[in-house]
Amino acid sequence: MVQGFLILLICQLMGEWLMVWFGWPIPGPVAGMLLLLIGLMFFGRVPDGLRLPAEGLVRHLSLLFVPAGVGLMLFAETLAQQWLTILASLLLSTLITLSLTGWMLQAWETRQYKHKE
């Protein structure tokens, strides 16, 4: 279990280093997740030592949003001034995400159906 957490932390650290080194405006943890994905694709499966800590983190994912929610309170005045813009961007991004996901699922199902015939 400790090895799994160590793998996750190393991927995050490598992502942070790469983003600082290249100067790209991508969060380090996102780059670390991409590195982890590439490693898992290369490995071909999720090792059991990584599966347990990852499932534990996902099980308690809601707790990881508490600091971000508290941090939003620092910007309560800005949120109050820009609420309409924020609401519009949230609704638009949700609509785009749902539409794109539905389209991709339909394309995937069509491809799977043609592949079986």
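Coordinates for the structure precede this section.
The following paragraphs examine the structure supplied in this document. Note that the structure is a prediction, hence the values are computed from the model and not measured.

**Brief notes about the overall build of the chain**
Then comes step 1: Counting secondary structure elements, the chain contains six helices and zero strands.
Then comes step 2: In sequence order, the secondary structure elements of the chain are arranged as α-α-α-α-α-α.
Then comes step 3: For 117 residues, the compact-globule estimate of 2.2 N^0.38 gives 13 Å, and the C-alpha radius of gyration of the chain, at 19 Å, exceeds that figure by more than 25%.
Then comes step 4: Judged by the C-alpha coordinates and their principal axes, the chain covers about 55 × 45 × 35 Å.
Then comes step 5: Across the 117 residues that make up the chain, the buried fraction comes to 10%.
Then comes step 6: Summing over all exposed atoms, the chain offers an accessible surface of approximately 10200 Å²; the carbon and sulfur share of this is 75%.
Then comes step 7: Taking the average location of the 6 positive side-chain charges in the chain and that of its 6 negative ones, the two points are 12 Å from each other.

**Here's the deal with helix α2 (residues 28-43)**
Then comes step 1: Over its 16 residues, α2 runs 22 Å from end to end, which matches the ideal 22 Å to within 8%, given 1.5 Å per residue.
Then comes step 2: Among the structural elements, α1 (2-22) and α3 (48-59) are those in contact with the buried residues of α2.
Then comes step 3: Positive phi appears at G44, one or two residues downstream of α2, with a value of about 95 degrees.

**Brief notes about the packing of aromatic side chains**
The geometry of an aromatic ring pair is captured by the separation of the ring centres together with the interplanar angle, meaning the angle of the planes.
Then comes step 1: Within the structure shown, the criterion is met by two aromatic pairs.
Then comes step 2: Centre to centre, the rings of W21 and F22 are 4.8 Å apart; their planes meet at 55 degrees, and the pair counts as tilted.
Then comes step 3: Note on W21: relative accessible area 67%, which makes it exposed.
Then comes step 4: Of the residues examined, F22 reaches a relative accessible area of 40% and is grouped as partly exposed.
Then comes step 5: Ring geometry for F22 against W24: centres 4.5 Å apart, planes inclined by 10 degrees, an arrangement best described as stacked.
Then comes step 6: For W24, a relative accessible area of 46% gives the class partly exposed.
Then comes step 7: One aromatic cluster is present, built from ring pairs that chain together W21, F22 and W24.

**Some remarks on the pattern of salt bridges**
Then comes step 1: With the rule as written, the count across this model stands at one salt bridge.
Then comes step 2: Note that D48 is salt-bridged to R51, the shortest N-O span being 3.8 Å. Here the residue D48 and the residue R51 both occupy positions in helix α3, the gap between them amounting to three residues, near one helical turn.

**Quick word on a nonpolar patch on the surface**
Then comes step 1: Together, W21, F22, W24, I26, V30, M33, L34, L37 and M41 give the surface a local cluster of nonpolar side chains, amounting to about 1000 Å² of exposed area.
Then comes step 2: Going through the elements one at a time, α1 and α2 are the ones with two or more residues in the nonpolar patch.
Then comes step 3: Residue contributions to the nonpolar patch peak at five residues, all from α2.
Then comes step 4: Here L37 lies in helix α2.

**Things to note about the environment of L37**
Then comes step 1: Here L37 falls in the partly exposed class, since its relative accessible area comes to 44%.
Then comes step 2: When the C-alpha atoms of L37 and C11 are compared, they prove to be 9.8 Å apart, with 26 residues separating the residues in sequence.

**Considering the environment of L9**
Then comes step 1: Tracing the backbone through its elements, the reader meets L9 in helix α1.
Then comes step 2: Judged by relative accessible area, which is 53%, L9 ranks as exposed.
Then comes step 3: As for L9 and G32, which are separated by 23 residues in sequence, their C-alpha atoms are 8.6 Å apart.

Definitions and cut-offs
- Residues numbered from 1 in each chain as written.
- Predicted model: local features only at pLDDT ≥ 70, side-chain atom pairs only at ≥ 80, totals over all residues.
- Heavy atoms only, no water.
- Helix = DSSP H or I, 4+ residues; strand = E, 2+ residues; numbered from the N terminus.
- Rg over C-alpha atoms; globule rule 2.2 N^0.38 Å.
- Buried < 20%, exposed > 50% of the residue type's maximum accessible area, 1.4 Å probe, protein only.
- Areas by Shrake-Rupley, 256 points an atom, 1.4 Å probe, with all protein chains shown as cover.
- Lys, Arg positive; Asp, Glu negative; His and termini not counted.
- Charge placed at Lys NZ, Arg CZ, Asp CG, Glu CD.
- Expected span 1.5 Å × (residues − 1).
- Contact = heavy atoms within 4.5 Å.
- Phe/Tyr/Trp six-rings, centres within 6.5 Å; stacked < 30°, edge-to-face > 60°.
- Salt bridge = Lys/Arg side-chain N within 4 Å of Asp/Glu carboxyl O.
- Patch = residues over 30% accessible without salt bridge, like charges linked within 9 Å, V, L, I, M, F, W, Y side chains within 5 Å.

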